Amino acid sequence: MASNTKNRSIEKTIVTLLLILGGVAVSIPFIWMISSSFKPESEVLQVPPTLMPEHPTLENYLNLFRDMNFGVYLRNTLVIVFFSFVGLLLNAMAGYGFAKFDFKGREKIFYIVLATMMIPAQVTMIPVYLILNEMGLTNTMAGIILPGLAAAFSIFLFRQFMTTIPTDLIEAARLDGAGEFYIFFKLIIPIAKPIFAVQGILTFIGAWNSFLWPLIIANDESLYTLSVGLSLLQGQYANNFALQMAGAAFMVVPIIIIFSFFQKYIVEGFTMSGLK
Amino acid sequence: MGNVYKNRHPYMFIAPAVLILAVFSIIPIIVAFIISFTDLDLKGLADWSNIHFIGMQNYSDLISDDLFHKSILNTLFYVVIGVPLVIVCSLGIALMLNYGQSMVFKVFRGVYYMPSITNIIAVAVIWGYLYNPEYGLFNYILSLLHLHEVPWLQDPTVAKLSLILLAVWKGIGINMIIFLAALQGIPKSYYEAAEMDGANRLQILFNITIPLLRYATFFVTITTLIGWLQFFEEPFVMTDGGPLDGTISMALFIYQKGFQYSKFGYAAAGSFILFIIIIAATLIQFKFRKSDTEF
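Nothing here was measured: the structure is a model prediction, and the numbers come from that model.

Draft legend 1. Seen up close, the overall build of chain B. The helix and strand inventory of chain B stands at 14 helices and zero strands. When the elements of chain B are put in sequence order from the N terminus, they spell out α-α-α-α-α-α-α-α-α-α-α-α-α-α. At 24 Å, chain B has a C-alpha radius of gyration far larger than the 19 Å of a compact globule built from 295 residues. Expressed as lengths along the three principal axes of its C-alpha atoms, the size of chain B is roughly 75 × 75 × 35 Å. For chain B, buried positions account for 54% of its 295 residues. Long-range pairs, those at least 24 residues apart, make up 67% of the contacts in chain B between residues at least 6 apart in sequence.

Draft legend 2. The overall build of chain A, seen in detail. The secondary structure content of chain A amounts to 14 helices and zero strands. When the helices and strands of chain A are listed from N to C terminus, the series reads α-α-α-α-α-α-α-α-α-α-α-α-α-α. Considering chain A as a whole, with its 276 residues, one finds that 52% of them fall into the buried category. Residue pairs in contact within chain A that sit at least 24 positions apart in sequence constitute 71% of those at least 6 positions apart. When the accessible area of chain A is evaluated, it comes to approximately 12,400 Å², of which 67% is carbon and sulfur surface. Positive and negative charge centroids in chain A, built from 16 and 16 side chains respectively, lie 12 Å apart.

Draft legend 3. Summary view of the UniProt feature "domain: ABC transmembrane type-1" (unreviewed entry) in chain A. Annotation from UniProt places "domain: ABC transmembrane type-1" (unreviewed entry) at residues 73–262 of chain A. Along residues 73–262 of chain A one finds 76% helix and 0% strand; the C-alpha atoms at either end are 25 Å apart.

Draft legend 4. Quick look at the domain arrangement of chain A. Residues and elements named next belong to chain A. Structurally, chain A comprises domain 1 (1–45) and domain 2 (59–274). Just the C-alpha atoms count here: the centres of domain 1 and domain 2 sit 32 Å apart. Listed per partner, the contact involves eleven residues of domain 1 and 13 residues of domain 2. Carbon and sulfur atoms make up 74% of the area that domain 1 and domain 2 hide from each other, which totals about 860 Å².

Draft legend 5. How the structure looks around the nonpolar core. Residues W127 and W228 of chain B are the most contacted members of the largest nonpolar core, which totals 188 residues. Of the domains in this structure, domain 1 (1–45) and domain 2 (59–274) of chain A are the two that each give at least three residues to this core. Not counting residues up to four positions away in its chain, the partners in contact with W127 of chain B are P29 of chain A together with F138, L165, L166, W169 and M238 of chain B.

Draft legend 6. Spotlight on the packing of helix α4 (residues 70–100) of chain A against helix α10 (residues 180–191) of chain A. Residues and elements named next belong to chain A. Interhelical geometry of α4 versus α10 gives an angle of 105 degrees and a closest axis separation of 12 Å. Taken together, the axes of α4 and α10 are roughly perpendicular relative to one another. On the side of α4, the interface is formed by L89, A92, M93 and Y96, while α10 contributes E180, F181, I183, F184, F185, I188 and I189.

Draft legend 7. Looking closely at the pattern of salt bridges. Residues and elements named next belong to chain A. On inspection of all chains with the given rule, the structure shows five salt bridges over all chains. As a salt-bridge pair, R174 and E180 come within 2.8 Å of each other at their nearest N and O atoms. Overall, R174 belongs to the buried group, its relative accessible area being 8%. Assessed through its relative accessible area of 5%, E180 is described here as buried.

Draft legend 8. Representation of unusual backbone geometry within the structure. At N69 of chain A, a residue that is not glycine, the phi angle is positive and equals roughly 65 degrees. With respect to the secondary-structure elements, N69 of chain A resides in the loop between α3 (59–66) and α4. The exposure class assigned to N69 of chain A is partly exposed, which follows from its relative accessible area of 38%. In the Ramachandran plot, L244 of chain B falls in the positive-phi region, its phi being about 55 degrees despite a non-glycine side chain.

Draft legend 9. Highlighting the UniProt feature "transmembrane region" (unreviewed entry) in chain A. As recorded in UniProt, the sites labelled "transmembrane region" (unreviewed entry) are residues 12–34, 78–98, 110–132, 138–158, 195–217 and 237–262 of chain A. Helix makes up 100% of residues 12–34 of chain A and strand 0%, whereas the separation of the span's terminal C-alpha atoms amounts to 31 Å.

Draft legend 10. A look at the packing of aromatic side chains. Considering all chains together, one arrives at 48 aromatic pairs over all chains under this definition. Between the aromatic rings of F98 of chain A and F110 of chain A, the centroid separation amounts to 5.2 Å while the plane-to-plane angle is 55 degrees, which identifies the pairing as tilted. Placement of the pair is F98 of chain A in helix α4 and F110 of chain A in helix α5 (residues 106–115), with a sequence separation of twelve residues. Accessibility expressed as a relative area gives 2% for F98 of chain A, which makes it buried. A relative accessible area of 7% places F110 of chain A in the buried class. Ring plane angle 65 degrees and centroid distance 5.5 Å describe the contact between W127 of chain B and Y131 of chain B, whose orientation is recorded as edge-to-face. Since its relative accessible area comes to 4%, W127 of chain B is described here as buried. Among the aromatic side chains, those forming a connected cluster through ring pairs are Y129 and F211 of chain A together with F232, F236, Y255, F259 and F264 of chain B. The cationic tip of R159 of chain A hangs over the ring face of F110 of chain A; the distance from NZ or CZ to the ring centre is 4.3 Å.

Draft legend 11. Fine view of helix α6 (residues 120–130) of chain B. All names here are of chain B. Burial of α6 is extensive: ten of the eleven residues sit out of reach of the surface. For α6, the set of buried residues is I120, I121, A122, V123, A124, V125, I126, W127, Y129 and L130. Of the residues flanking the start of α6, the one acting as N-cap is N119, its side-chain oxygen 2.7 Å from the backbone nitrogen of I121.

Draft legend 12. Broad picture of the interface of chain B and chain A. Between chain B and chain A, the residue contacts involve 88 residues of the former and 98 residues of the latter. Both sides together, the interface formed by chain B and chain A hides about 8,800 Å², and carbon and sulfur atoms give 79% of it. Summed over the shared surface of chain B and chain A, the result is zero salt bridges. Where chain B packs against chain A, one counts nine residue pairs in polar contact (both at pLDDT 80 or more). Broken down by element, the side of chain B that touches chain A gets its largest block of residues, 21 residues, from helix α1 (residues 9–35) of chain B. Classifying every residue of the side of chain B that touches chain A gives 71 nonpolar, eleven polar and six charged.

Cut-offs and rules
- Residues numbered from 1 in each chain as written.
- Chains lettered and ligands numbered in written order.
- Predicted model: local features only at pLDDT ≥ 70, side-chain atom pairs only at ≥ 80, totals over all residues.
- Heavy atoms only, no water.
- Helix = DSSP H or I, 4+ residues; strand = E, 2+ residues; numbered from the N terminus.
- Rg over C-alpha atoms; globule rule 2.2 N^0.38 Å.
- Buried < 20%, exposed > 50% of the residue type's maximum accessible area, 1.4 Å probe, protein only.
- Contact = heavy atoms within 4.5 Å.
- Areas by Shrake-Rupley, 256 points an atom, 1.4 Å probe, with all protein chains shown as cover.
- Lys, Arg positive; Asp, Glu negative; His and termini not counted.
- Charge placed at Lys NZ, Arg CZ, Asp CG, Glu CD.
- UniProt positions renumbered as here; feature names shortened; annotations may be inferred.
- Domains from an automatic or database assignment.
- Buried area = accessible area lost by both parts, 1.4 Å probe.
- Core = buried A, V, L, I, M, F, W, Y, C linked by side-chain atoms within 4.5 Å.
- Axes fitted to C-alpha atoms, helices over the stretch in contact; angles between N-to-C directions.
- Parallel < 35°, antiparallel > 145°, perpendicular 65-115°, else oblique.
- Salt bridge = Lys/Arg side-chain N within 4 Å of Asp/Glu carboxyl O.
- Phe/Tyr/Trp six-rings, centres within 6.5 Å; stacked < 30°, edge-to-face > 60°.
- Lys NZ or Arg CZ within 6 Å of the ring centre and 35° of its normal.
- Polar contact = N/O pair within 3.5 Å; in protein donor to acceptor, adjacent residues only side chain to side chain.
- Nonpolar A, V, L, I, M, F, W, Y, C, P; charged D, E, K, R; others polar.

Structure, rendered in structure tokens:
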């Protein structure tokens, strides 16, 4: 028994060491990004490279906003984030509808919704562009936002969660004379907080990172998102790695901060949604 | 549920999301199918009378298009190396992370998840710098170890491997979380029973843990496979398909034909071939899966 516990503690030490080693390897790009973003332009091209900036500077970050229109890109990105949350609400409503109502065509419509998950983006990209073009929505914010408002996977996860809410609860509220939308907003949403938390984070990350669709739809720089702006930076300032790293850090760090606050909900959410 | 509620309400709840999906997901697939039989390009976009129905012409052109062949072979290369690597790495890390409950394990869970939430452009910018032959960190580290420098993105085959390395780094997080969620769902009593029976750690791993992860493994395999068949962003932002078309994937081929050369009809035909390959790969997976289901 004693040797068993001893073996265990050796094993645990090895596992912990392996995890730390792998973790450091995985984080190298991040460490490199952060450290380079504070270096002056001359120092990032220095060979051998410095691990910590010798002359730390905020110049690169200031440059992004002063010379590079990152303020506009940030505003556009936040608009997209805002509307993706509206979309999240629509998905939640649909999930609730599929979970808690009995209506004609429910199964069929739900399967069609699920089927849309299988269609590769490349198939729909061109027709969606053509449809938006017919609607006159290319090169507009609406064109960037609309196609992303509904997502089958999100509807599916909401439905999975909503089916676990006791129907009696809803019936009781109806007997008390509450309207359907009142029930949804005052009763269902508070109960569904955990699933909203998970999907809220995923939605935020998705919207914050949105790149390809804005790139396709937006021609004016005034509609660019942070990702599109950053890719522009990569093209124009190919050798100013310090500036590029500052741009990258500006995109990545907020996500990491938000994620580290909420990561426990993500794991719980996946456990909950039955993906086991 | 009472009859009273079988009225307009359910439709009001599902209508907004379902309508958007219909317009931007379901109708487009029909449109894609139709335009794949036409010569739709920029002229056709401006004036519909310039669109001609050309039957299977796009498909037969694709079959003899060398670049399309190359994109298929590259995509296979990505899938064959990338998919197993992602699954093994994410399962391995999930098993290690599940080993303890202390703070260290929680922190490293975050660390391993970080790449997967990182913006692809930021990833491209950072990795482009790491891979830089002159100023990059990787070649510098190799030079410290007195090893030859590697042409990370300059040689067609090495470039493919470099993109896979990057995509594995980025792909571990989400799959690891799914494995971790599945591991946490395994009842403790199974392990206790096995320990009572004197099973050692490896026996427990191979006879209890891995079989019980069957569903998660299946889910991860399917989604990873579909994801890698659509491999797009990494070659798009890192190499734009080069050098010598060495990294062009099917999805990138479709994007370039559609949005850079405005050959919408041709691209749509390509996208349908990709779609068929994805469906076939998914069906094969389902066929291989044992008939028992867990939920």
